[in-house]
Amino acid sequence: MPSHHSRPQGFARADRVGEQIRRDLAILIRDRVKDPRVGMITLLDVEVSKDFAHAKIWFDALQADQGLEAQEALNHAAGFLRRELGHLLKLRMTPALHFFYDDTQTKGNALSALIAKAVASDRHDDDAADANNGTATP
């Protein structure tokens, strides 16, 4: 009777490798990349292709206006980072690195602030209308 090895659902090898790449790259970028265009960044996600030939790395920049410059600098340093990463990872082949600036979180925070401001304005308007009508809100 053949034995069936079941793989745990949800966390494939490519996901584990991607997470390790994210951790190692964060340290390498912080400690070894000297390009001033990079600045303070946060690595958000790493997606590794099934054949481990390519890795897409999404990041956000502390200074939103420097995001695209940081993307250019990181892609320029991709060969250096790939080589350094190759020394850390125990893989036959180190994936080619492709960096992408992702400002979704920044835009989401700005949208949340606008919504909060609108809600506060509505509350203020309601309180002013209630005061003019002589009613008090509980």
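Cut-offs and rules
- Residues numbered from 1 in each chain as written.
- Predicted model: local features only at pLDDT ≥ 70, side-chain atom pairs only at ≥ 80, totals over all residues.
- Heavy atoms only, no water.
- Salt bridge = Lys/Arg side-chain N within 4 Å of Asp/Glu carboxyl O.
- Buried < 20%, exposed > 50% of the residue type's maximum accessible area, 1.4 Å probe, protein only.
- Pairing = 2+ DSSP bridges.
- Helix = DSSP H or I, 4+ residues; strand = E, 2+ residues; numbered from the N terminus.
- Axes fitted to C-alpha atoms, helices over the stretch in contact; angles between N-to-C directions.
- Contact = heavy atoms within 4.5 Å.
- Patch = residues over 30% accessible without salt bridge, like charges linked within 9 Å, V, L, I, M, F, W, Y side chains within 5 Å.
- Areas by Shrake-Rupley, 256 points an atom, 1.4 Å probe, with all protein chains shown as cover.
- Lys, Arg positive; Asp, Glu negative; His and termini not counted.
- Charge placed at Lys NZ, Arg CZ, Asp CG, Glu CD.
- 1 Å grid on protein atoms, 1.4 Å probe; cavity = no way out; pocket = protein on both sides within 12 Å on 5 of 7 lines; lining within 4 Å.
- Points joined across faces, edges and corners; volume = space filled by probe spheres on them.
- Nonpolar A, V, L, I, M, F, W, Y, C, P; charged D, E, K, R; others polar.
- Phe/Tyr/Trp six-rings, centres within 6.5 Å; stacked < 30°, edge-to-face > 60°.
- Lys NZ or Arg CZ within 6 Å of the ring centre and 35° of its normal.

Looking now at the pattern of salt bridges. For the structure on display, the rule yields seven salt bridges. For the salt bridge of D35 with R37, the shortest nitrogen-to-oxygen distance reads 2.8 Å. Residue class for D35 comes out partly exposed when judged on its relative accessible area of 22%. Residue classification places R37 among the partly exposed residues on the basis of a relative accessible area of 26%. Each of E19, R22 and R23 takes part in salt bridges that share partners, so that together they form one network.

Ordered in space as β1-β2-β3, the three strands form an open sheet in which the pairing is mixed. Edge positions in the sheet fall to β1 (41-48) and β3 (96-101), since each has one partner strand and no second. Each neighbouring strand pair of the sheet contributes to a mean axis angle of 25 degrees, computed without reference to strand direction. Pairing geometry for strand β2 (residues 54-61) and β3, over six bridges, is parallel. When the bridges of β3 are listed, W58 appears paired with F100. With respect to the sheet, helix α2 (residues 67-76) is in contact with β1, β2 and β3, its orientation differing from that of β3 by roughly 175 degrees.

Quick look at a negative patch on the surface now. On the surface, D122, D125, D126 and D127 cluster together into a negatively charged patch. A relative accessible area of 47% means that D126 is categorised as partly exposed.

Volume-wise, the largest pocket comes out at about 210 Å³. Taken together, R22, A26, I29, R30, V33, D35, V38, G39, M40, I41, T42 and L43 make up the full set of residues lining the largest pocket. Of all elements in the fold, only α1 (13-32) and β1 reach the threshold of two or more residues within the lining of the largest pocket. By residue class, the composition of the lining of the largest pocket is seven nonpolar, two polar and three charged.

This brings us to the pairing of β1. Alignment of β1 against β2, held across seven bridges, turns out to be antiparallel. Among the inter-strand pairings, E47 is bridged to a residue of β2, identified as K56.

With that out of the way, let us pick up the packing of aromatic side chains. On inspection of all chains with the given rule, the structure shows two aromatic pairs. Here the aromatic rings of F59 and Y101 are separated by 5.8 Å at their centres, their planes lie at 50 degrees, and the arrangement is tilted. Taken as a pair, F59 in strand β2 and Y101 in strand β3 lie far apart in primary sequence, 42 residues in all. Side by side, F59 and Y101 carry an identical accessibility label, which is buried. The positively charged end of R13 is found above the aromatic ring belonging to F52, 5.0 Å away from the centroid.

The grouping of L111, L114, I115 and V119 at the surface amounts to a nonpolar patch, some 370 Å² of accessible area in total. As for its position among the elements, L111 is in helix α4 (residues 104-133).

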